Amino acid sequence: MTTMDAPRDVVYTVHEARKGVAWLKDAYALFSRARMPWLFLLAAYYVAMMAIDLVPLVGQLAVPLVKPVFAVGFLAAAWTQERGGTPRVPDLFQGFRSNLRALLTLGAVFVAGITVAVMSTALVDGGRLLDTLTASAPATAAERDAWSASLNATLSDTRTQAAMLFAILVALPTLAALWFAPGLVVFQDLPATSALVHSLRAAMANWRPLAVYGLSVFVMGGLVPGVALAILMLVLPPSIASVLGIALLMPYVFFFAATL
């Protein structure tokens, strides 16, 4: 590679906190102009991930490894639409044709970082959450009931809740380093290490809009549907509320997932 062919240093913008909401609004605007293509793209993604997960021996490990590869596909689809095109299912596989090795390296970093975050819960709760999650699969109804009761007791324990919050904090550097990295690998032709460093720097500089973005995702993706379902359960019989809740919330969930 000559000097002129080398990737240029990445220049990024430091945004105001309100940009975190604008990112979601802009994404929804893209989705609303091409709903069916994006829903087809999303369905293709889920089918592909389920197919990979079913591969014997390596499937479950491969799923998190290829997430950055597919992330590039969604970026390519958005890039195409912003320039007057239409998102297409082949866009989803753009990452497999562009610097695949570096993207798989990002996937390995994701697996390692999240594993460390999950293991770190033992520092706070003495390993209680890990013991519950790694327990043998229950074989009988009685064992399933016992496992469910144990899980509920574990999750309601204040030490376990503190451990989960600690795990989120431990995972934040990994998530920040990976936030922009797939796009930098493909669109800026950066090696994996440089992409991770630039992504971490940009994410740290933009922690305010990213925090607002994360809060907005929590509210719109968790709080709103949760409150809506709780209201239905209060005013309607449980059987009707469940059916109506699914009928109303499923389109919302799919639209929200496509926006993300």
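Keep in mind that what you see is a predicted model, and the values were worked out from it rather than measured.

Student: An account of the overall build of the chain is requested, with residue identities and associated values reported.
Tutor: Of regular secondary structure, the chain possesses twelve helices and zero strands. Each helix (α) and strand (β) of the chain, taken in turn from the N terminus, gives the series α-α-α-α-α-α-α-α-α-α-α-α. Along the longest, intermediate and shortest principal axes, the C-alpha atoms of the chain span 65 × 40 × 40 Å. Per-residue burial for the chain yields a buried fraction of 32% across its 260 residues. Taking contacts inside the chain between residues at least 6 apart in sequence as the whole, the part at least 24 apart equals 65%. Counting 16 positive and 13 negative side-chain charges, the chain places the centres of these two groups 9 Å from one another.

Student: With reference to specific residues and values, describe the packing of aromatic side chains.
Tutor: Tallying each qualifying case throughout the model produces twelve aromatic pairs. Both rings, one in Phe 70 and one in Phe 93, keep their centres 5.9 Å apart while their planes meet at 70°; by these two values the pair is edge-to-face. Of this pair, Phe 70 sits in helix H3 (residues 59–82) while Phe 93 sits in the loop between H3 and helix H4 (100–119), and the two are 23 residues apart along the sequence. For Phe 93, a relative accessible area of 31% gives the class partly exposed. Consider the rings of Phe 93 and Phe 96, whose centres lie 6.2 Å apart with planes at 40°: the pair is tilted. Through a chain of ring-to-ring contacts, three or more aromatic side chains come together here, namely Tyr 45, Tyr 46, Phe 70, Phe 74, Phe 93 and Phe 96.

Student: I'd like to hear about the confidence of the model for the chain, residue by residue, with values.
Tutor: In the predicted model, the chain carries a mean pLDDT of 87, and the fraction of residues at 70 or more is 95%. Here residues 1–7 scores under 50 on pLDDT; set against residues more than four positions off or in separate chains, the count is six contacts.

Student: Could you give me a rundown of H3, with the residues and numbers involved?
Tutor: Relative to the 34 Å expected for 24 residues at 1.5 Å per residue, H3 spans 34 Å between its end C-alpha atoms, a close match to the ideal helical length. A bend of about 40° at Val 66 is the largest found in H3, and the proline Pro 68 appears one to four places after it. A positive backbone phi angle near 95° is found at Gly 84, which sits one or two residues after H3.

Student: Provide a residue-level description of the environment of Ala 192, including the pertinent values.
Tutor: Positionally, Ala 192 belongs in helix H10 (residues 192–205). Along the backbone, Ala 192 and Thr 105 are 87 residues apart, and their C-alpha atoms lie at a distance of 6.6 Å. Among residues more than four places away in sequence, those in contact with Ala 192 are Ala 102, Thr 105, Leu 106 and Val 185.

Student: Outline the nonpolar core, supporting the account with residue identities and numerical values.
Tutor: Of all hydrophobic cores here, the largest spans 19 residues; its most connected members are Trp 38, Met 49, Ile 52, Phe 70 and Leu 92. Contributions of two or more residues to this core are made by helix H1 (19–33), helix H2 (35–53) and H3. Of all the elements, H2 adds the most residues to this core, at eight residues. When near neighbours in sequence (up to four residues on either side) are disregarded, Phe 70 contacts Tyr 45, Ala 48, Met 49, Ile 52, Leu 92, Phe 93 and Phe 96. Leu 106, Leu 178, Leu 184 and Val 186 belong to the second-largest nonpolar core, a separate cluster that totals 16 residues.

What counts, and where the lines are drawn
Residues numbered from 1 in each chain as written. Predicted model: local features only at pLDDT ≥ 70, side-chain atom pairs only at ≥ 80, totals over all residues. Heavy atoms only, no water. Helix = DSSP H or I, 4+ residues; strand = E, 2+ residues; numbered from the N terminus. Buried < 20%, exposed > 50% of the residue type's maximum accessible area, 1.4 Å probe, protein only. Contact = heavy atoms within 4.5 Å. Lys, Arg positive; Asp, Glu negative; His and termini not counted. Charge placed at Lys NZ, Arg CZ, Asp CG, Glu CD. Phe/Tyr/Trp six-rings, centres within 6.5 Å; stacked < 30°, edge-to-face > 60°. pLDDT = per-residue confidence, 0-100. Expected span 1.5 Å × (residues − 1). Bend = angle between axes of the 7 residues up to and from the residue. Core = buried A, V, L, I, M, F, W, Y, C linked by side-chain atoms within 4.5 Å.

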